[in-house]
Amino acid sequence: MKVKKAVIPAAGLGTRVLPASKSMPKEMLPIVDKPAIQYIVEEAVKSGIEDILIITNRGKHDIEDHFDRSPELESRLAASGKDKMLKEVVDITKLANIYFIRQKETKGLGHAVGCARGFVGNEPFAVLYGDDVILGDDPATLQLCRAYEEFGKGVLGIREVEKSAIYKYSSLKVDKIRDNIYNCTDMIEKPQTDDQILSLFSILGRCVLTPDIFDIIDNTAPGAGGEIQLTDAMHTLAKTKGMIGVDYTGRRYDMGSKLGVMQASVEVALKHPDIGEDFKNYLKGIASEL
Ligand code: UTP
């Protein structure tokens, strides 16, 4: 079965990028000239996704506005002959069927995904974390969807992280199937001691889930940080049915962290058709003074 639906949780408080995220959703932080969430929606579309549910909350209406028409702006662009920009602005509204729902309390990523039950129905679905931008020729979500079609099980986007970083992520028990594809049979969110570390592989930014996850989420107690953790729900899925890990290709930028925001901006700016050359020269200039 093909994966046609995606859920983008974007209801977090974004405390790591305050004060920028105080009144603006961190998912709207720009990478040069596009907000992070647009890159994520574009990745979903390139992966064959047709329907997208974005989980928002109070104060995140900027996200809805970004994917909506903007009549005043459009008529101004049309009147001044800025046809290329007009097309770009209108095309954003046609990327996919985009739906919104509010997570009424910020109870964690697992709880946010649980809000998608009605939208998902009885189909597999992709989850793209709203603050993880992944850029590459082969879209990360598509890599996971291919694995879902091959194995028929939930799929995790995984990467190896530094040992010093594993304590703030999840840690997975994995066995290689081939190349970058693994069986995953166990996981723990935010290991606290060395003997809790199952491997340095962690779930980063993407997964494909089966609808049985919703009953599991409903029965998942708050975990690390007092939040209902998606990892804890996926732990049950991995233990009972097994899951697949895909060590996906692409550059990942954590737009929920200050360093990630800057890395994304610099790398995308260097390749940008309008400013790439000028920015490279500027960067060389300051780099020589460091
Ligand atoms: P994060 O843990 O990175 O988001 O969740 P956060 O809570 O905003 O992070 P802090 O405050 O900087 O530590 C990953 C994704 O899940 C969403 C976030 O918006 C982010 O895209 N999320 C998280 C929700 O939608 N709801 C929640 O209750 C928590």
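For clarity, every value in this text was computed on a predicted model and none was experimentally measured.

Caption draft 1: Local environment of the overall build of the protein chain. Along the backbone of the protein chain there are 12 helices and 13 strands. Computed over C-alpha atoms, the radius of gyration of the protein chain comes to 19 Å, within 12% of the 19 Å expected from 2.2 N^0.38 for 290 residues, which places it in the range of a compact globule. Referenced to the eigenvectors of the C-alpha coordinate spread, the extents of the protein chain come out at roughly 60 × 50 × 35 Å. When burial is assessed residue by residue, the protein chain has 49% of its 290 residues classed as buried. For the protein chain, contacts bridging at least 24 residues in sequence account for 77% of all contacts bridging at least 6.

Caption draft 2: Spatial organisation of the pairing of strand S8 (residues 155-160). Counting buried positions along S8 gives 5 out of 6 residues, so the element sits mostly inside the fold. The sheet contact formed by S8 and strand S11 (residues 201-209) spans 5 bridges and is antiparallel. In the sheet register, isoleucine 158 faces S11, and the bridge partner there is isoleucine 203. Across 4 bridges, S8 lies against strand S12 (residues 243-247) in parallel orientation. Looking at S12, one finds that valine 155 is bridged to isoleucine 244.

Caption draft 3: Here's a closer look at the environment of cysteine 145. Tracing the chain through its elements places cysteine 145 in helix H7 (residues 140-151). Owing to a relative accessible area of 3%, cysteine 145 belongs among the buried residues under this scheme. Considered as a pair, cysteine 145 and alanine 224 are 79 residues apart in the sequence and their alpha carbons are 28 Å apart. The residues touching cysteine 145, leaving out its near neighbours within four places in the chain, are Val3 and Val208.

Caption draft 4: Summary view of the pattern of salt bridges. Per the stated rule, a full pass over the model turns up 24 salt bridges. Note that glutamate 50 and lysine 4 form a salt bridge whose closest N and O atoms lie 3.3 Å from each other. Here glutamate 50, found in the loop between helix H1 (36-46) and strand S4 (51-56), pairs with lysine 4, found in the segment before strand S1 (5-9); they are 46 residues apart in sequence, far enough to count as distant. Taking the shortest distance from any N to any O, the salt bridge between arginine 146 and aspartate 138 comes out at 2.5 Å. Residue arginine 146 is classed as partly exposed on the basis of its relative accessible area, which comes to 42%.

Caption draft 5: The packing of helix H11 (residues 258-271) against helix H12 (residues 276-287), seen in detail. For the pair H11 and H12, interaxial distance at closest approach is 6 Å and the crossing angle is 125°. Here H11 is positioned oblique relative to H12, judged by the angle of their axes. Two secondary-structure elements touch here, H11 through Val266, Ala269 and Leu270 and H12 through Gly276, Phe279, Lys280 and Leu283.

Caption draft 6: Main features of the side chain of aspartate 186. With respect to the secondary-structure elements, aspartate 186 resides in strand S10 (residues 181-189). Ignoring any residue separated from it by four or fewer positions in sequence, one finds aspartate 186 in contact with Ser171, Leu172, Lys173, Leu198, His235, Ala238 and Lys239.

Caption draft 7: Structural context of the packing of aromatic side chains. Tallying each qualifying case throughout the model produces 4 aromatic pairs. Ring geometry for tyrosine 99 against phenylalanine 119: centres 5.8 Å apart, planes inclined by 55°, an arrangement best described as tilted. Here tyrosine 99, found in strand S5 (residues 97-102), pairs with phenylalanine 119, found in helix H6 (residues 117-120); they are 20 residues apart in sequence, far enough to count as distant. Tyrosine 99 sits in the partly exposed class, given a relative accessible area of 40%. Aromatic side chains tyrosine 182 and phenylalanine 201 sit 5.0 Å apart centroid to centroid with 50° between the ring planes, which places their arrangement in the tilted category.

Caption draft 8: Inspection of unusual backbone geometry at higher detail. Look at the link from leucine 18 to proline 19: it is a cis peptide, with omega at 0°. Take proline 19: it is sitting in the loop between S1 and strand S2 (30-31). Within the chain, valine 32 stands out as a residue other than glycine whose phi angle is a positive 60°. Tracing the sequence through the fold places valine 32 in the loop between S2 and strand S3 (34-35). With a phi angle near 45°, lysine 190 is a residue other than glycine that sits in the positive phi range. With respect to the secondary-structure elements, lysine 190 resides in the loop between S10 and S11.

Scoring rules and cut-offs
Residues numbered from 1 in each chain as written. Predicted model: local features only at pLDDT ≥ 70, side-chain atom pairs only at ≥ 80, totals over all residues. Heavy atoms only, no water. Helix = DSSP H or I, 4+ residues; strand = E, 2+ residues; numbered from the N terminus. Rg over C-alpha atoms; globule rule 2.2 N^0.38 Å. Buried < 20%, exposed > 50% of the residue type's maximum accessible area, 1.4 Å probe, protein only. Contact = heavy atoms within 4.5 Å. Pairing = 2+ DSSP bridges. Salt bridge = Lys/Arg side-chain N within 4 Å of Asp/Glu carboxyl O. Axes fitted to C-alpha atoms, helices over the stretch in contact; angles between N-to-C directions. Parallel < 35°, antiparallel > 145°, perpendicular 65-115°, else oblique. Phe/Tyr/Trp six-rings, centres within 6.5 Å; stacked < 30°, edge-to-face > 60°.

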